[in-house]
2 protein chains.
Amino acid sequence: MSHQHRDVDVVVVGAGMAGLVCANRLRRHGAEVLLVEACDQVGGRTAGIEVGGEIVDLGGQFIGPGQDRIYALADEFGVDTVPAHTVGASVFETSAGRLRRFRGMVPRLGPATLADVARAHFLLDRLARSVDADAPWRSPNAAALDGRTMESWINRTMKTRGGRRFLVLACRAIWACEPSELSLLHALFYVKAAGGLAAVTDFEGGAQQDWLDGGAYGLAIRLADRLGSAIRLNAPVRRIEQNDSGVAVTVEDGTTWRARHAVVAVPPPLAARITYQPPLPASRDNLLQRLPMGSVIKYVSGYPEPFWRQAGLNGASLSLHGPITMTVDSSPRSGRRGVLITFVNGAPARELATRSPGDRRTTVLDALGRLFGPPATTPMSFVERNWNEEAFTRGAYSAVFPPGAWTQLGSAMRAPTGRIHWAGAETSPRWYGYIDGAVRSGEAAADAVAQAVNNERALGRPS
Amino acid sequence: MSHQHRDVDVVVVGAGMAGLVCANRLRRHGAEVLLVEACDQVGGRTAGIEVGGEIVDLGGQFIGPGQDRIYALADEFGVDTVPAHTVGASVFETSAGRLRRFRGMVPRLGPATLADVARAHFLLDRLARSVDADAPWRSPNAAALDGRTMESWINRTMKTRGGRRFLVLACRAIWACEPSELSLLHALFYVKAAGGLAAVTDFEGGAQQDWLDGGAYGLAIRLADRLGSAIRLNAPVRRIEQNDSGVAVTVEDGTTWRARHAVVAVPPPLAARITYQPPLPASRDNLLQRLPMGSVIKYVSGYPEPFWRQAGLNGASLSLHGPITMTVDSSPRSGRRGVLITFVNGAPARELATRSPGDRRTTVLDALGRLFGPPATTPMSFVERNWNEEAFTRGAYSAVFPPGAWTQLGSAMRAPTGRIHWAGAETSPRWYGYIDGAVRSGEAAADAVAQAVNNERALGRPS
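Residues numbered from 1 in each chain as written. Chains lettered and ligands numbered in written order. Predicted model: local features only at pLDDT ≥ 70, side-chain atom pairs only at ≥ 80, totals over all residues.

Topic: the overall build of chain A
Across its full length, chain A carries 15 helices and 21 strands. Against the compact-globule benchmark of 23 Å for 463 residues, chain A has a radius of gyration of 22 Å, which places it among compact chains. In terms of its C-alpha atoms, chain A occupies a principal-axis envelope of roughly 70 × 50 × 40 Å. For chain A, the residues scored as buried account for 59% of the 463 residues in total. Within chain A, contacts between residues at least 6 apart in sequence are counted, and of these 73% link residues at least 24 apart. (Helix = DSSP H or I, 4+ residues; strand = E, 2+ residues; numbered from the N terminus. Rg over C-alpha atoms; globule rule 2.2 N^0.38 Å. Buried ≥ 20, exposed ≤ 12 C-beta atoms within 10 Å, placed from the backbone. Contact = placed C-beta atoms within 7 Å.)

Structure below.
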């Protein structure tokens, strides 16, 4: 690698929310930045499409109290937040396919099951409070908590079959995986990073309280607009070299950019697929081998109006019957159209993905019809996003730590590797896996890199 | 991709034992083959070095009854097998650092602990018999077995603290990982694939009965010699394209080879790092996100003679004190030199790797001194191989399935992806993770590809 020439101060890899925020903030720090993105559009896991002239999010969408950085970002761009529609009743579908209306976050499950679920909620919250979100591997009892799966915990803790079933559903809804795949320590860390289980599950007062007018994707576009020509799309990074004086980032078509530092802000399994020279230290490499993404297919169906509201429903649902996990009303504020978003998560997502597109559509619309009546089966528009098929994301919402990963190799999660810094929703100790976590990680990486650049300048290192 | 031109019939990726066997067998089937290897030598996880004129294996080494394919291969090349040296007593080091001599596979642990370990052995063997090695996800009770870690099973099953400790040591010795990282179903599948737990653990009658004269690496070299100019070294594969008529395999320097089919015979985490066009189906991609390699550092120390034998020791040891897991006598048959091999596995390997080379050497030689006396601390030669640092292996002995991976995505483990076939020790339903499994996988892939080529020729597909 030649040290003669430098294209920019910092190359940021990945134009998801973390990379976009990082690049903008680095500019504000006075750094010259290039942001390279593998896809033909920015946004990463906050992708979106236009439905009837308005952007609807196909990826990350909801925000809530405590997520100060994403609210501040929305504020900075003059983006309004829209409260999720919660007027009316939610619908719960039992495994037998019976419907029950409910208010709040927990359906009417029968008294024994309800007590069981309430107790699990209490126990998980209490366990989570003991976790050190900055260093989960240093939490009291970390080894024991990381030695078992969430499934083992559920089987040990829950006293009712209904309670067990509901916890499986909750795992799918929250982490987009099966309880077997999830380290108990990771689940607790995730809850702690969000400030408690209610913050994770609730609409009002929780992480589903609001969404961004014009979509999280709309905000991503605005962040990108500010960067202008400093973004390169369709540029998958294949190789990052580093030495004492800088980095060289090479993309698919062979173009190489030289810089002082690189920030890699892509999902962990994809960070593993870049060739690093020198190779990553074993600890970082081996950690990246262990962080698979959850499984989510998100559907957006558009209707002439939010017809379910007339029936006293708020559009939210939870289904034990499946294959769908849940729905949420995502209609525009104007009320001129109805939009339902539907999630199929974990094992049912993997199963559904094996079927034909027509079969998937029919299956999902049938499920919506059971929940909201016949009008749900004839949407004006119907869009599917299987995040696991996206070659540059490969799953959602976030990486799921299996047992042993945090305690064995977790200390390699956030520390920079020489001149390569790591960002993305998985690197934040606050709101891990959320849009807000992505924003925080981008800010933190930008500040760390700016500090390093300033130190080098002060030391008179080659510039 | 142009369809005009074809360089060979099949490109095989990875010149470990699986790729070498596959390429040789494809040739025997009449196919023209190219074998591309990322490293500057063949062998993959069966690497070796010369110590005093003889090859000593730095990687896979031992073979045993039931491993018919590797014995047949040795036979074909006229390679002798050497029985592991078992004359004399083994040494067990307690966690407090006390030494106890023992015969057989289980040290003298005290009656309660011994009964506990014997019971665990019986239970694991019985559970393993129920597993379907061809399709672990279809085993009776697969979901429950795959929903928990080996650590959960140990904590639930073992009645003594000593028994638990010994099981942790056994996990490190067998799978090179911590019990927290290991799905119980995977552990049972592994045992079933080997034909029982005794086959896994034993020297005489088990998978450590013999080693190959001249090393497994020596056999790899002979397989490579037969292929001659059909091997390209220093050629890391970065991209594999496929369409209806063929594949195009591109390596680091930009060279592309076109063929009818490709066989990818590299460890699962590295198979994930190749760029595929079209991208892999989500099921295969997501499975590859979930299969981390174990952690092993192997040491080979050479002495003027196998001095431990005069003390009535066979050179084998197990240590609860650590950081070493175990040693084995690997002296040449001539007895003219002494060679000890030492394994540091799992968490202790990760910890040891953080220290300086000098510190690691001192630590390991101190441990050998405790086990075998002062002469062990002054070897004539001392070689270290940290498999997790190897950029084109990134761990050993094999990939370790965490909970949920086999049942959620296991059916994508062995099925070809269009014209790309998968080989390697992890794809074999017999002797998963062993040299013999690698041989079997190479043979199976060669036969499947040859069949596909013949079918196409019969159908008059473009040639």
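After that view, the rundown keeps rolling.
Topic: the domain arrangement of chain A
Residues and elements named next belong to chain A. Entries for chain A in the domain assignment read domain 1 (10-44 + 216-291 + 400-458), domain 2 (48-86 + 207-213 + 293-386) and domain 3 (108-200). On the side of domain 3, 21 residues touch domain 1, which itself brings 15 residues to the contact. By residue class, the composition of the side of domain 1 that touches domain 3 is nine nonpolar, five polar and one charged. (Domains from an automatic or database assignment. Nonpolar A, V, L, I, M, F, W, Y, C, P; charged D, E, K, R; others polar.)

Some details on the packing of helix α1 (residues 17-28) of chain A against helix α15 (residues 435-458) of chain A
Any two packed helices are characterised by the angle at which their axes cross and by the distance between the axes. All names here are of chain A. For the pair α1 and α15, the least separation of the axes is 7 Å and the interaxial angle reads 35°. When the axes of α1 and α15 are compared, the crossing they make is right-handed. Contacts from M17, A18, G19, V21, C22, R25 and L26 in α1 reach I435, A438, V439, S441, G442, E443, A445, A446, V449 and A450 in α15. (Axes fitted to C-alpha atoms, helices over the stretch in contact; angles between N-to-C directions. Left-handed = near helix turned anticlockwise from the far one by under 90°.)

Examining the interface of chain B and chain A
Contacts between the two partners involve 37 residues from chain B, matched on the other side by 37 residues from chain A. Per-element tally for the side of chain B that touches chain A: the top contributor is helix α11 (residues 282-288) of chain B, with four residues. Per-class residue counts for the side of chain B that touches chain A are 12 nonpolar, 13 polar and 12 charged.

Things to note about the sheet that holds strand β13 (residues 256-259) of chain A
Remark on secondary structure: sheet strands pair via backbone hydrogen bonds, oriented parallel or antiparallel. Residue and element names in this part refer to chain A. Taking strand neighbours across the sheet as the criterion, the four strands line up as β13-β12-β11-β15 in an open arrangement whose pairing is mixed. At either margin of the open sheet sits one strand with a lone partner, and together these are β13 and β15 (275-277). Across the sheet, the axes of successive neighbouring strands diverge by a mean angle of 15°, strand direction being ignored. (Pairing = 2+ DSSP bridges.)

Let's talk about the sheet that holds strand β20 (residues 381-386) of chain B
Residues and elements named next belong to chain B. The strand order across the open sheet formed by seven strands is β8-β7-β17-β18-β19-β16-β20, and the pairing between neighbours is mixed. Looking at strand neighbours, the two that pair on one side only are β8 (99-102) and β20, the edges of this open sheet. Here the strands of the sheet are splayed against their neighbours by 20° on average, with no regard to which way each runs.

Considerations on the environment of R361 of chain B
Among the structural elements, R361 of chain B can be located in helix α13 (residues 357-372). It is 46 Å that separates the C-alpha atoms of R361 of chain B and R258 of chain B, two residues lying 103 residues apart in sequence.

Some words on the relation of the copies chain B and chain A
If you rotate chain B by 180° and push it 0.0 Å along the axis, it lands on chain A with an RMSD of 0.0 Å. The transformation relating the two chain copies, once decomposed into turn and shift, fits a two-fold axis. For chain B, the smallest separation between a C-alpha atom and the rotation axis is recorded for R273 of chain B, amounting to 2.2 Å. A shared binding surface is used by both copies, with 100% of the interface residues of chain B retained as interface residues in chain A. (Least-squares fit on C-alpha atoms with pLDDT ≥ 70 in both.)

Let's talk about the pairing of strand β3 (residues 48-51) of chain B
Remark: a regular strand shows side chains that alternate across the two faces of the sheet. Residue and element names in this part refer to chain B. Sheet analysis places β3 next to strand β4 (residues 54-57), joined by four bridges and oriented antiparallel. Looking at the pairing, E50 lines up with I55 of β4. Between β3 and β4, which pair antiparallel and follow one another directly, the connecting turn spans two residues, one of which, G52, has a positive phi of 55°.

So, the pairing of strand β1 (residues 10-13) of chain A
All names here are of chain A. Going residue by residue along β1, you find V10 and V12 tucked away on one face and V11 and V13 tucked away on the opposite face as well. Sheet topology note: the β1/strand β14 (residues 261-264) ladder contains four bridges and is parallel. Paired with V11 across the strands is A262, a residue of β14. Strand direction decides the pairing type here: β1 and strand β2 (residues 33-36), joined by four bridges, are parallel.

A short note on unusual backbone geometry
Peptide bonds are mostly trans, and most non-glycine residues show a negative phi. Cis geometry marks the peptide bond from A396 of chain A to Y397 of chain A; its omega dihedral reads -5°. G322 of chain B connects to P323 of chain B through a cis peptide bond whose omega is 0°. Checked against the element boundaries, P323 of chain B lands in the loop between β17 (313-319) and β18 (326-329). One non-glycine residue with positive phi stands out, namely W431 of chain A, at about 55°. Position of W431 of chain A relative to the elements: it lies in the loop between β21 (420-422) and α15. C-beta crowding within 10 Å serves as the criterion here: with 29 such atoms nearby, W431 of chain A is assigned to the buried category.

Here's the deal with the confidence of the model for chain A
Per-residue confidence for chain A averages 95 on the pLDDT scale, and 98% of its residues sit at or above 70. For this predicted complex, the interface score ipTM comes out at 0.96, alongside a pTM of 0.96. (pLDDT = per-residue confidence, 0-100.)

Topic: the packing of helix α3 (residues 111-129) of chain B against helix α6 (residues 161-175) of chain B
All names here are of chain B. Remark: α3 packs on α6, axes separated minimally by 8 Å, with the N-to-C direction vectors making an angle of 50°. Relative to α6, the element α3 lies oblique. Helix-helix and strand crossings are classified by hand; for α3 and α6 the assignment is right-handed. When α3 is examined against α6, the residues T113, D116, V117 and A120 are found in contact with a partner set consisting of G162, G163, F166 and L167. Split by residue class, the contact of α3 with α6 holds four nonpolar, three polar and one charged. (Parallel < 35°, antiparallel > 145°, perpendicular 65-115°, else oblique.)

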